[in-house]
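Here's the letter readout for the chains.
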Amino acid sequence: MHDCLFCKIASGAIPSHKVYEDDKVFAFLDIAPVNVGHTLVIPKQHFDSCDETTDEAMAAAMAAVRKVARAAMAATGAEGYNVGINCGAVAGQVVMHTHVHMMPRFPDDGLLHWGKRAVSESEMQKTAADMAELLKN
Ligand code: AMP
Ligand code: ZN
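Cut-off values and rules
Residues numbered from 1 in each chain as written. Chains lettered and ligands numbered in written order. Predicted model: local features only at pLDDT ≥ 70, side-chain atom pairs only at ≥ 80, totals over all residues. Heavy atoms only, no water. Helix = DSSP H or I, 4+ residues; strand = E, 2+ residues; numbered from the N terminus. Buried < 20%, exposed > 50% of the residue type's maximum accessible area, 1.4 Å probe, protein only. Contact = heavy atoms within 4.5 Å. Lys, Arg positive; Asp, Glu negative; His and termini not counted. Charge placed at Lys NZ, Arg CZ, Asp CG, Glu CD. Near = heavy atom within 4 Å. Polar contact = N/O pair within 3.5 Å; in protein donor to acceptor, adjacent residues only side chain to side chain. Areas by Shrake-Rupley, 256 points an atom, 1.4 Å probe, with all protein chains shown as cover. Donors = N, O, S within 2.8 Å, 3.2 Å for Na, K, Ca; no water. Tetrahedral: all angles 85-135°; square planar, octahedral: opposite > 155°, others 65-115°. Patch = residues over 30% accessible without salt bridge, like charges linked within 9 Å, V, L, I, M, F, W, Y side chains within 5 Å. Salt bridge = Lys/Arg side-chain N within 4 Å of Asp/Glu carboxyl O. Pairing = 2+ DSSP bridges. Axes fitted to C-alpha atoms, helices over the stretch in contact; angles between N-to-C directions.

**Student:** Quick question: what am I supposed to make of the overall build of the protein here?
**Tutor:** When helices and strands are tallied, the protein shows 3 helices and 5 strands. Considering only C-alpha atoms, the protein reaches an extent of 50 × 40 × 25 Å along its principal axes. For the protein, the proportion of its 137 residues judged to be buried stands at 32%. The long-range share in the protein, meaning contacts at least 24 apart out of those at least 6 apart in sequence, stands at 51%. Of the charged side chains in the protein, 12 are positive and 17 negative, and the gap between their average positions amounts to 4 Å.

Take a look at the structure:
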């Protein structure tokens, strides 16, 4: 078997608090949650990062995220949720198997959003133009 923690969890070789499974996706509670109900949704197929994941596998994962989120809100009383993907080590990805964090939110739970920084108008214009050019077919 591929030597990957989340492949082993998806196959059942390593135990987890499983909450959902279908033919493409496996979902289980994060072992170090930011809030109760924090769930990791993974494609069963191994991809190192979200950037390398097929559109089909990512679409299946995102569809499962919303199902799992509704269940988490009903089960825990959460009133909303954040969805996050750490894509690449520089973005904080530690486990190199694509996973989507679904993090239930409660009023006044104290979680902070990421910070913001100033970017000049000229850099905004150049970045938008460069990206738009790269995105042309
Ligand atoms: P990331 O930083 O996006 O790679 O997140 C990896 C996540 O996997 C962290 O939130 C960990 O708490 C979680 N994690 C690591 N090992 C396990 C495990 N055995 N079962 C459940 N969650 C895990
Ligand atoms: Zn894997």
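**Student:** What exactly am I supposed to notice about the site of ligand 1 here?
**Tutor:** Taken together, 16 residues lie near ligand 1, and Asp30, Asn86, Gly92, Val94 and His99 sit nearest. At 2.6 Å, a side-chain N or O of His99 approaches an oxygen atom of ligand 1. In this structure, an oxygen atom belonging to ligand 1 sits 2.8 Å away from a side-chain N or O atom of His101. Computed on the free molecule, ligand 1 has an accessible area of 510 Å², of which 81% lies beneath the protein chains in the complex. Looking at the shell around ligand 1, the elements that each hand over two or more residues are helix H1 (5-11) and strand E2 (25-29). Per-element tally for the shell around ligand 1: the top contributor is H1, with 3 residues.

**Student:** What is the right way to read the coordination of the zinc ion (ligand 2) from this model?
**Tutor:** By definition of the ideal shapes, a tetrahedral metal site with four donors has angles of 109.5 degrees and an octahedral site with six donors has angles of 90 or 180 degrees. Around the zinc ion (ligand 2), the donor atoms from the protein are Cys4 (SG), Cys7 (SG), His46 (ND1) and His97 (ND1), and they sit 2.1 to 2.3 Å away. For the zinc ion (ligand 2), the 4 donor atoms in the first shell make angles of 104 to 119 degrees at the metal, a pattern classed as tetrahedral. All donors of the zinc ion (ligand 2) belong to a single chain; written as a sequence motif, their spacing is C-x2-C-x38-H-x50-H. Here the two residues Cys4 and Cys7 agree in accessibility, since each one is buried.

**Student:** Teacher, can you tell me more about a nonpolar patch on the surface here?
**Tutor:** A surface patch of nonpolar side chains, about 280 Å² in accessible area, is lined by Met62, Tyr81, Val83 and Ile85. Its location among the elements puts Tyr81 in strand E4 (residues 80-84). Overall, the relative accessible area of 31% leaves Tyr81 in the partly exposed class.

**Student:** Looking at this structure, how should I read the pattern of salt bridges?
**Tutor:** Where charged atoms from two side chains of opposite charge approach closely, those side chains can pair. Following the criterion strictly, the structure yields 6 salt bridges and no others. In this structure, Asp130 engages Lys126 in a salt bridge whose closest nitrogen and oxygen atoms are separated by 2.5 Å. Residue Asp130 and its partner Lys126 are both found in helix H3 (residues 121-135); the two are separated by 4 residues, about one turn of the helix. Classification of Asp130 as partly exposed rests on a relative accessible area of 35%. What makes Lys126 exposed here is its relative accessible area of 52%. It is possible to trace a salt-bridge network through shared partners that takes in Lys18, Glu21 and Lys44.

**Student:** Looking at this structure, how should I read the sheet that holds E4?
**Tutor:** Paired through their backbone hydrogen bonds, the strands of a sheet run either parallel or antiparallel. Pairing is antiparallel in the open sheet, where 5 strands are placed in the order E1-E2-E3-E5-E4. If you trace the sheet from one side to the other, it starts and ends with strand E1 (18-21) and E4, each paired once. Direction aside, neighbouring strands of the sheet carry axes that sit 20 degrees apart on average. Here E2 pairs with strand E3 (residues 39-43) via 5 bridges, running antiparallel. Residue pairing across strands places Phe28 opposite Leu40, the latter belonging to E3. Here helix H2 (residues 55-76) sits on the sheet and contacts E1, E2, E3, E4 and strand E5 (100-105); the angle it forms with E5, its principal contact strand, is near 20 degrees.

Keep in mind these numbers describe shape, not what the thing actually does.
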